[in-house]
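Here are the chains, one letter per residue:
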Amino acid sequence: QCWRRNTDSPPPRYSVPQPPAGTVPARIPGFQSDTFPSLKDDVTWFWTTFDLPETNAFCEAALSTAMATYISEWWVNGVRVGRCEGRGLFEDYPCTQALRKGRNTVALRLAMPSGTNRVDGVSRRDMVAMGDGVVGTFSWSGGGVFHPVEVVLRGDVRAEKPVVRADWRTGRVTADYRLRNGRGAPVPLRLVATVTDPKGETVFARALDRTAAPGDTDESLSFDVPRHLLWSVDEPNLYTLSFLAEPATGVAQRTDVAFGFRDLRVSSDGWFELNGKRLLVKGGSLVAGVGTMGAVTRPELVRKQIWQAKSAGFNMIRLHFTTAWPEMVDLCDRIGLLVICSHGASWLERRAKPVSPNLKGDFLRHLLAEVDHNINHPSVVAWEMQNETLLDEVHQWCRDALQPLRDRDPTRLVFVGSGRFDSDVSLGSVSNPGSRTWECLWGVEGEKVPWTGDRREEERRFFEKRFWGAPDSPFPARPDRGPYGDVVVAWDARRGDIHAYFRSPLHEASQYVLR
């Protein structure tokens, strides 16, 4: 991927120059600072070229971009096709009219405000990247493109964006999909839906003759899978739903989506249950990408990391800090590894006050984008709203975001946040599948604490009395500790293991072993 960057002052915003003399090779996926560690400019330009052997009158093209941080604008052959603001987002920009046979050029203008600078009216304070500091202070606070970029060709009449909901108890499947007709006139077609089981045998087939109206039409299909097999960590039984759109003229287009029958929830006594059976979770936390906080963005290493987690005995991983890579969740589907997914706006811990009014909408936009992106993966069993955030504003956003999230996906477990740094024991940590409320199922959740003065100080005293040294406390007396517990890290030099012991007043003590 021969992308190149301009190290001189950036051209005017909406001009798309050819790569000038002095550009150097740059790596995509990668950070802006990979090639220039001391990069100070807020704006960087990238270019690449590719050859298109031929075009087809019955095809539509889209520039598929992923995880470009923070402000990205894209051109194809000088035509501006899209703009995105955020981190960890996957976007498709239609570019059919911009493509031509032979050599094509893609240009990217990538902006990452640093320090107190404003770019396109955006400063660090307005961004969902963690912290208000300078670029690169904390890994993905830096700018870059963290997933390969593709130009995708599809038939102009097709079924797309299927959302599959599979009932693990009954075998009933409902598939919502969009029938796309990009020709501007009604098109007769045959739509064939088939389902294959884990052995590749067809267990359902239906042919639908219809006329596709111009534009997009939302449709739904329901059916039963006989003698359905459950997806689990030991037997990851994957089914495949295929839609084959065959218009009377033009190109046939097939759309496949993998799905599984499974259910993860927290029981009334606080245990995880997978498909109705108690599950002892053996979990760890990963970032999309490898290295320190995802500093290395190589797909082959990402897949290797997932295999290592499964081989080491883990049955669950938490993918946090940004949107999960498709390569990660696809592999988890196949090998039976449960996934908790976070999103690109989940970590707003180091945020100066007052909090920017733009962040609430961006927080919800990133959360729902994560849901839309990974909604069909059976390995993805839970959504996580926030990570280690003390800000009361963000905590309230999480309370409010449950309803729009449930409108998109009523079938999965939802966590209000990792670490529960909000210390709001009146609010439950989880919402079970089918529920539209936060449920108090762990620790002292649901207890009423009469705050009368300094809330943080009273929280500290409450937790010390309740946990540290209380007669029924699992922990020894530790009056020097605050309400959030403590972490003890020990390194085993002989084996190269790092043991992290985490004590949390809301949850039981846990031990993690990292290799």
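Residues numbered from 1 in each chain as written. Predicted model: local features only at pLDDT ≥ 70, side-chain atom pairs only at ≥ 80, totals over all residues. Heavy atoms only, no water.

1. Focus on the sheet that holds strand E21 (residues 277-279)
Part 1 of the argument: The strand order across the open sheet formed by three strands is E19-E20-E21, and the pairing between neighbours is antiparallel. In the strand order of this sheet, the two ends are held by strand E19 (264-266) and E21, each with one partner. Geometrically, the sheet is characterised by an average inter-axis angle of 40° between neighbouring strands, direction not taken into account.
Part 2 of the argument: Across three bridges, E19 lies against strand E20 (residues 272-274) in antiparallel orientation. Paired with valine 266 across the two strands is phenylalanine 272, which belongs to E20. (Pairing = 2+ DSSP bridges. Helix = DSSP H or I, 4+ residues; strand = E, 2+ residues; numbered from the N terminus. Axes fitted to C-alpha atoms, helices over the stretch in contact; angles between N-to-C directions.)

2. As for the nonpolar core
Part 1 of the argument: In this structure, Ile306, Ile317, Leu319, Val339, Phe363, Met385 and Leu405 are the most contacted members of the largest nonpolar core, which totals 56 residues.
Part 2 of the argument: Examining the composition of this core, we find that six residues originate from one element, helix H4 (residues 392-408), more than from any other.
Part 3 of the argument: Apart from residues no more than four positions distant in its own chain, leucine 319 is found in contact with Leu286, Ala324, Met328, Val329, Val339, Ile340, Cys341 and Ser342.
Part 4 of the argument: Counting 27 residues, the second-largest nonpolar core is a separate cluster that includes Val164, Trp168, Leu208 and Val225. (Core = buried A, V, L, I, M, F, W, Y, C linked by side-chain atoms within 4.5 Å. Buried < 20%, exposed > 50% of the residue type's maximum accessible area, 1.4 Å probe, protein only. Contact = heavy atoms within 4.5 Å.)

3. Topic: the environment of threonine 255
Part 1 of the argument: Mapped onto the secondary structure, threonine 255 falls in strand E18 (residues 253-259).
Part 2 of the argument: Expressed as a C-alpha distance, the spacing of threonine 255 and proline 162, which sit 93 residues apart in the sequence, is 8.6 Å.
Part 3 of the argument: Look past the residues within four positions of threonine 255 in its chain and what remains in contact with it is Ala159, Pro162, Leu241, Ser242 and Phe243.
Part 4 of the argument: At a separation of 2.7 Å, a polar atom in the side chain of threonine 255 contacts the main-chain carbonyl oxygen of alanine 159. (Polar contact = N/O pair within 3.5 Å; in protein donor to acceptor, adjacent residues only side chain to side chain.)

4. Thoughts on the packing of aromatic side chains
Part 1 of the argument: All chains considered together, the criterion is met by ten aromatic pairs.
Part 2 of the argument: Between phenylalanine 415 and tryptophan 442, the aromatic rings sit 6.2 Å apart at their centres with planes inclined by 20°, giving stacked as the arrangement. You can see phenylalanine 415 sitting in strand E26 (residues 413-415) and its partner tryptophan 442 sitting in the loop between strand E27 (430-431) and helix H5 (455-466), a full 27 residues away along the chain. Of the two residues, phenylalanine 415 and tryptophan 442, neither departs from the other in class, the shared state being buried.
Part 3 of the argument: Within the aromatic cluster, the residues linked to one another by ring pairs are Trp45, Trp47 and Trp75.
Part 4 of the argument: One cation-aromatic arrangement involves arginine 278 over tryptophan 271; the distance from NZ or CZ to the ring centre is 4.1 Å. (Phe/Tyr/Trp six-rings, centres within 6.5 Å; stacked < 30°, edge-to-face > 60°. Lys NZ or Arg CZ within 6 Å of the ring centre and 35° of its normal.)

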